[in-house]
Amino acid sequence: MQNTNQIPESRKRKPAKTYEKSSFVDIYKGFQTLLKGEFFCDVKLKTDDKKIITAHKVILSAASPYFRAIFTNRAGRNHDLVAIRNVDYTALQLLINFIYSGKIVVTSENVQNLLSAVDMLELQEVNEVCCDFLQSQLCPTNCIGINAIADLHGCTKLRKRSELYILQHFSDVIGGDEFLSSSFEQVIHLISSDKLIVPSEEKVFESVITWVKHDSKSRECILPRLMEHVRLALTSNDYIKKKVAKDTLIKNCLECKRYVFEALKTLKGEELIPQSIRNRPRHGDKVILVVGGIQTGLSKTLEYFDPMTEKWHFGPELFTNHRRHSLVVIKDNLVFDVGGYEIGLSPFRCVHMLDITENPPHWQLTDDLLVERQFLGVGVINDNIYAVGGSNDRYEDLKSAEVFDFNTKKWRMISSMNTLRSLFTVGVLNDLLYVVGGFDQSLQALNTVECYNPSTNMWTPVANMRERRSCAGVGVLNGELYVVSGRNGSDFLSSVEKYRPSTGVWTTIADIHLPRKYADVVALNGLLYVVGGMNQTSGLNSVECYNPNTNTWAMVTAKMNIDRCLPGVVVINRPKHFTTC
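Below you will find a few notes about this structure. It should be emphasised that the depicted structure is a prediction, and the values quoted were computed from it without experimental measurement.

## Details of the nonpolar core
Counting 82 residues, the largest nonpolar core has L45, L60 and M227 as the members making the most contacts within it. Considering every element that reaches this core, the biggest residue donor is helix α5 (residues 89–101), with eight residues. In this view, L60 contacts V43, L45, A55, F67, F71, I96, I99 and Y100; residues no more than four positions away in its chain are not counted.

## Description of the state of the cysteines
With the rule as written, the count across this model stands at zero disulfides. The structure places no disulfide on C130, whose sulfur is separated from the nearest cysteine sulfur, that of C131, by 6.9 Å. Judged by relative accessible area, which is 0%, C130 ranks as buried. The thiol of C565 is not disulfide-bonded; the next cysteine sulfur, from C471, is found 9.0 Å away.

## With respect to helix α7 (residues 124–136)
Taking 1.5 Å per residue as the helical rise, α7 with its 13 residues ought to reach 18 Å, and the 18 Å between its terminal C-alpha atoms agrees with that figure. Those residues of α7 lying buried are V126, N127, C130, C131, F133 and L134. In a view along the axis of α7, the buried residues occupy a sector of 160 degrees, so they form one face of it. Pointing more than 90 degrees away from the buried face of α7 are the exposed residues E125 and S136. If you follow the buried residues of α7, they end up packed against α5, α6 (111–121), α8 (143–152) and α9 (156–168).

## Section: the sheet that holds strand β27 (residues 543–547)
Strand order in the open sheet made by the four strands is β25-β26-β27-β28, with antiparallel pairing throughout. The outermost strands of the open sheet, each flanked by one partner alone, are β25 (520–524) and β28 (552–555). Direction aside, neighbouring strands of the sheet carry axes that sit 25 degrees apart on average. Bridge analysis of β27 against β28 gives four bridges, and the strand direction is antiparallel.

## Some thoughts on the packing of α5 against α6
Between α5 and α6, the least distance of the axes is 9 Å, while the angle of their chain directions is 60 degrees. Classed by the angle they form, the pair α5 and α6 counts as oblique. In the crossing of α5 with α6, the sense of the turn from one axis to the other is right-handed. Contacts from A91, L92, L94 and L95 of α5 reach α6 at N113, L114, A117, V118 and L121. Counted by class, the contact of α5 with α6 contains eight nonpolar, one polar and no charged residues.

## Brief notes about the pattern of salt bridges
Tallying each qualifying case throughout the model produces 15 salt bridges. Between E255 and R258 there is a salt bridge, with its nearest N and O atoms 4.0 Å apart. Taken together, the residues E255 and R258, both in helix α18 (residues 254–267) and three residues apart, mark about one turn of the helix. With a relative accessible area of 37%, E255 lands in the partly exposed category. According to the relative accessible area criterion, R258 is partly exposed, its value standing at 44%. Across the pair K410 and D367 runs a salt bridge whose closest N-O atoms are separated by 3.8 Å.

## Comments concerning the packing of aromatic side chains
Taken as a whole and judged by the stated rule, the model has 15 aromatic pairs. With 6.1 Å between their ring centres and 50 degrees between their planes, F336 and F404 make a pair best called tilted. You can see F336 sitting in strand β9 (residues 334–338) and its partner F404 sitting in strand β15 (residues 401–405), a full 68 residues away along the chain. Taken individually, F336 and F404 each receive the classification buried, so the pair is uniform in this respect. Directly above the ring of W211 sits R219, whose terminal nitrogen or CZ lies 3.9 Å from the centroid. The ring of F406 carries K409 above its face, with NZ or CZ at 4.1 Å from the centroid.

## Focus on the pairing of strand β2 (residues 52–55)
Pairing geometry for strand β1 (residues 43–46) and β2, over four bridges, is antiparallel. Bridge pairing in β2 links K44 to T54.

## A short note on the sheet that holds strand β16 (residues 410–414)
Pairing is antiparallel in the open sheet, where four strands are placed in the order β13-β14-β15-β16. Edge strands, defined here as strands with exactly one partner in the open sheet, are β13 (377–381) and β16. Averaged over neighbouring strand pairs, the angle between their axes works out to 25 degrees when direction is ignored. Bridge count between strand β14 (residues 384–388) and β15: four bridges; the pairing is antiparallel.

About the criteria used
Residues numbered from 1 in each chain as written. Predicted model: local features only at pLDDT ≥ 70, side-chain atom pairs only at ≥ 80, totals over all residues. Heavy atoms only, no water. Core = buried A, V, L, I, M, F, W, Y, C linked by side-chain atoms within 4.5 Å. Buried < 20%, exposed > 50% of the residue type's maximum accessible area, 1.4 Å probe, protein only. Helix = DSSP H or I, 4+ residues; strand = E, 2+ residues; numbered from the N terminus. Contact = heavy atoms within 4.5 Å. Disulfide = S-S within 2.5 Å. Expected span 1.5 Å × (residues − 1). Arc of directions from axis to C-beta. Pairing = 2+ DSSP bridges. Axes fitted to C-alpha atoms, helices over the stretch in contact; angles between N-to-C directions. Parallel < 35°, antiparallel > 145°, perpendicular 65-115°, else oblique. Left-handed = near helix turned anticlockwise from the far one by under 90°. Nonpolar A, V, L, I, M, F, W, Y, C, P; charged D, E, K, R; others polar. Salt bridge = Lys/Arg side-chain N within 4 Å of Asp/Glu carboxyl O. Phe/Tyr/Trp six-rings, centres within 6.5 Å; stacked < 30°, edge-to-face > 60°. Lys NZ or Arg CZ within 6 Å of the ring centre and 35° of its normal.

Here it is in structure tokens:
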């Protein structure tokens, strides 16, 4: 007899239907009902003050590796009373309620106790909530304490953010009790940092004297070790003689007076301290500087991106009506615009330099290129600027190249490229200059790449890219050359690929979100930023960044203040006259 309950063969092949609950609200409510009514509770948690919290082993084990280890251990498996040592009862109660409800309220009063308890229970979500809360509370009067809390509990992100806050607001921080109570090691760590943002080095000297005088009996003996990190040579001759040399603590310290004499000689040009912290300018952290673009009205505009606050700021307006073509930076502060032009001047040969530490900064002309060039490629190797290819004022493409020696301030010709190409891109990796893609004479996009070795003055081909590209962006990150987006002729490309010299192979990585041409690419803090450019119709103000650890692209929430096609983009040390927050 046929089994009428048997499923027909054709129906068996259909995939099973999966149902996934969209919300855990109902489950959490059920957990809370069980907890409040003490239904099926099988464990009691006792704190040092003898207070008891009842709970369920299985729920605690599912949420906390700490409890899972206790309840799966043979010795503790059958125990219904567990002592929780060195944990505040209120904090533990809040965390148990979080496990059962998914909700927790963090306040200034409970955050430290919560962090201590979280360290033991390994509730990473709550750790992040506490760190975010403390970060939102940062101010000059508490930032040193928050930094200490972050260090104690291994909160890496909060520790970095709070330290950056201290460095950026040092002038305000030194007026608070936390600074005066800081340890010698903490003070040394701050005043020795190149990232310290101060209006002048005088502020650093005054902070040291104030800190020592707060407890002069125990601190006066370590003044020389502090003064070693005060960069007196960055102050003025007048300040040193009237303020520093006349200070009682300095006059009574022979080693400190040596630093004073050393600084005075340096200021007079009689003595230069090679590679010494005492005459090295402080640079603060780095920012992304964006200048100009080909659109009308952008000649004088300058803005910069702060990666820590993820905000764009306008910088001082430039003084010249200068148009950018190819931007590079030397010594993190000197920005060169190569092959641009200014109204009224001969086009394509002129080179402008911008010392970003000047306030306000302004362009000044330097030695002209030997050959007229527009849409050229530029790169820096050992403080020498290389200008490659481009086209002249008759729009004839060039294979020639030249180099600017920063020491002699002179240009000289070098070997020409092997391939005549236009709208290519240049990157520098391992002291080699790479020329990537572009168009050939028939206006076909190229996938060829060649590199220049300054030590041999020779160009050699390297492996071809996987895709033909022109007008792409090129950046270097972690010893690899990245080529981003661009066009393959008629179509915009979403694809991105990278080249590793050790293997000689191009590898495709995750696609960019918005295909674009004429964007610029820079690396900062382990991320690759793609700035501006153009889509099919207009310039862009959007920025994307690539994280090589996750192979993912993310749109930077903050957009530039202006749409910029063919912007000049470099990473610089943040000048002290740039705002920090």
